[in-house]
Amino acid sequence: MDYITADIQKPAPWSLLYADDVVLVAESLAEVQADLTAWQESLERRGLRISRTKTEYMFCDFSGRGPDAIPCPLIEDKPLNRVEEFKYLGSIVAPKVCVEKDLQNRIRTAWLKWRSLSGVLCDSRMPIKIKGNVYKRAVRPALLYGSECWPMRKSDEQRIHPGERRKKKICWYGNQINNVRWDGCMSQSYRLECGVRQGGLSSPTLFNLDMNELIGELSSTRVGCFIDGVCMNNINYADDMVLLSASVCGLRRLVAICEAYAKSHGLVYNVLKSQATVFGDGRRRPYVALDVFLNGCALQWVSKFKYLGHILTSDLKDDDDVERERRALSKA
């Protein structure tokens, strides 16, 4: 193909050729028609033929005139089929500068690849290391093929991560059989449906898969407290989370984001352990704040709370925390 079309090929991106898949790009209908005629004559002169059914035409309306204002190119006086998108080398090409169609196609392709390899990925007898290698070398490339050229938006990234997270969870939990040993006796086998054993090596990884996306979503809202221009509206350590906001309205918005994320990912916040406080300036008593609701229940407003072993008070004093440390030292 390179040899017989060397005299009519144009530099990329005006001519794209891979095996027998050809894309011709031009700025006007006359140029497209001239290029198409030249390719048709050059190929058919050497015994090849352009498929009339597979050849399609897509119009990119950058001028705003509308696709109906431009007629379709012709092959033997027959107009080509006009399409809104087409597939080239596994990727979906569309007139708009977005990857929505191609992203949907990649996610669908990745799930098809996953199903074809489910005999390995969901086999409880298969070592987890082999499953991970199969996933990284077969499933993930199918999902991210061509992604280095995508004009990605934040919403597009959020559509990829849940699907990849779900595949990994299925790989970890699928067909796992567990037993409990008690006093030298083994229990009957049962299937692990959720959770990990205490101190399990997969616990930090599973937590990161679920919570990193939430942390990024909270930080991107630009609602809450800032330190030197950096949004600091959430502080997290394991499953202990603190939301920081300068107003009740902002706090309600952050809580709503957490609540919606937990609902979409099968998580539940413990309302009994969740509390709210107002930090004063040390000179006056904090005002009475309005209610903040989590899962339909109003959070309890407290004057102090414990976080990572330290006591934080609404008056910004550390007397209670110093007393806690003193008692801990005396017991030691």
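These notes cover the structure that comes with them. These figures come from a predicted structure and were not determined experimentally.

1. A closer look at the overall build of the protein chain
Line of reasoning, step 1. Across its full length, the protein chain holds 8 helices and 22 strands.
Line of reasoning, step 2. Within the protein chain, the proportion of its 332 residues that are buried is 28%.
Line of reasoning, step 3. In the form shown here, the protein chain has an accessible surface area of approximately 22,500 Å², with 55% of it arising from carbon and sulfur atoms.

2. Describing the nonpolar core
Line of reasoning, step 1. In this structure, I4, I8, L36, W39, L43, I50, Y57, F59, I70, C72, I75 and L80 together form the largest nonpolar core, which totals 12 residues.
Line of reasoning, step 2. The element that contributes the greatest number of residues to this core is helix α1 (residues 29-44), accounting for 3 residues.
Line of reasoning, step 3. Membership of the second largest hydrophobic core comes to 8 residues, among which are L218, V223, C258 and Y261.

3. Quick word on the side chain of S91
Line of reasoning, step 1. Position of S91 relative to the elements: it lies in strand β8 (residues 91-93).
Line of reasoning, step 2. Apart from residues no more than four positions distant in its own chain, S91 is found in contact with F86, D102 and Y145.

4. Digging into the environment of Y269
Line of reasoning, step 1. If you trace the backbone, Y269 turns up in the loop between α7 (248-264) and β17 (275-276).
Line of reasoning, step 2. On a C-alpha basis, the gap between Y269 and E259 in space is 7.6 Å, while along the polypeptide they are 10 residues apart.
Line of reasoning, step 3. For Y269, the residues in contact, after removing those within four places along its chain, are L214, M241, C258, E259, A262, L294 and N295.

5. A short note on the pattern of salt bridges
Line of reasoning, step 1. One pass over the full model with this rule turns up 8 salt bridges.
Line of reasoning, step 2. Residue E323 is joined to R327 by a salt bridge in which the shortest nitrogen-to-oxygen separation is 3.1 Å. Of this pair, E323 and R327 both sit in helix α8 (residues 319-331), separated by 4 residues, roughly a single helical turn.
Line of reasoning, step 3. Taking relative accessible area as the criterion, E323 reaches 28% and is therefore assigned partly exposed.
Line of reasoning, step 4. Among the salt bridges present, the one from E325 reaches R324, with a minimum N-O distance of 2.6 Å.

6. A word on the packing of helix α2 (residues 100-116) against helix α4 (residues 128-144)
Line of reasoning, step 1. Put simply, α2 and α4 touch, their axes get as near as 7 Å, and they point 155° apart. Between α2 and α4, the angle is such that the two are roughly antiparallel. Mapping the contact onto sequence places R106, I107, T109, A110, K113 and W114 in α2 and Y135, A138, V139, A142 and L143 in α4.
Line of reasoning, step 2. For the contact of α2 with α4, the per-class residue count stands at 8 nonpolar, 1 polar and 2 charged.

7. So, α1
Line of reasoning, step 1. Helix length check: α1 (16 residues) gives 22 Å between terminal C-alpha atoms against 22 Å at 1.5 Å per residue, within 8%.
Line of reasoning, step 2. Among the residues making up α1, those that are buried are V32, D35, L36, W39, Q40, S42 and L43.
Line of reasoning, step 3. Against the buried residues of α1 lie β2 (21-24) and β4 (74-75).

8. A look at the pairing of strand β1 (residues 15-18)
Line of reasoning, step 1. Note: β1 against β2, 4 bridges, orientation antiparallel. The residue bridging L17 from the neighbouring strand is V22, located in β2.
Line of reasoning, step 2. Once β1 ends, the chain turns through 2 residues before running back antiparallel as β2, passing A19 with a positive phi of about 55°.

9. Observations concerning the packing of aromatic side chains
Line of reasoning, step 1. This model, assessed by the stated rule, comprises 3 aromatic pairs.
Line of reasoning, step 2. Measuring from ring centre to ring centre gives 6.4 Å for W114 and Y135, while their planes differ by 80°; the resulting arrangement is edge-to-face. Note that W114 is positioned in helix α2 and Y135 in helix α4, a separation of 21 residues in sequence. Considered together, W114 and Y135 belong to a single accessibility category, that of buried residues.

10. Observations regarding the side chain of R324
Line of reasoning, step 1. Structurally, R324 can be placed in helix α8.
Line of reasoning, step 2. One polar contact links R324 to E325, side chain to side chain, over a distance of 2.6 Å.
Line of reasoning, step 3. Ignoring sequence-local partners within four residues, the contact set of R324 consists of K306, G309, H310 and I311.

11. A few points about unusual backbone geometry
Line of reasoning, step 1. Here the amide bond leading from A12 into P13 is cis, since omega sits at 10°, within 30 degrees of zero.
Line of reasoning, step 2. Here P13 lies in the segment before β1.
Line of reasoning, step 3. Here N295, not a glycine, exhibits a phi torsion of approximately 55°, which is positive.
Line of reasoning, step 4. If you trace the backbone, N295 turns up in the loop between β18 (293-294) and β19 (297-298).
Line of reasoning, step 5. On the accessibility criterion, N295 (35% relative accessible area) is partly exposed.

Conventions and cut-offs
Residues numbered from 1 in each chain as written. Predicted model: local features only at pLDDT ≥ 70, side-chain atom pairs only at ≥ 80, totals over all residues. Heavy atoms only, no water. Helix = DSSP H or I, 4+ residues; strand = E, 2+ residues; numbered from the N terminus. Buried < 20%, exposed > 50% of the residue type's maximum accessible area, 1.4 Å probe, protein only. Areas by Shrake-Rupley, 256 points an atom, 1.4 Å probe, with all protein chains shown as cover. Core = buried A, V, L, I, M, F, W, Y, C linked by side-chain atoms within 4.5 Å. Contact = heavy atoms within 4.5 Å. Salt bridge = Lys/Arg side-chain N within 4 Å of Asp/Glu carboxyl O. Axes fitted to C-alpha atoms, helices over the stretch in contact; angles between N-to-C directions. Parallel < 35°, antiparallel > 145°, perpendicular 65-115°, else oblique. Nonpolar A, V, L, I, M, F, W, Y, C, P; charged D, E, K, R; others polar. Expected span 1.5 Å × (residues − 1). Pairing = 2+ DSSP bridges. Phe/Tyr/Trp six-rings, centres within 6.5 Å; stacked < 30°, edge-to-face > 60°. Polar contact = N/O pair within 3.5 Å; in protein donor to acceptor, adjacent residues only side chain to side chain.

That is the geometry; function is a separate question.
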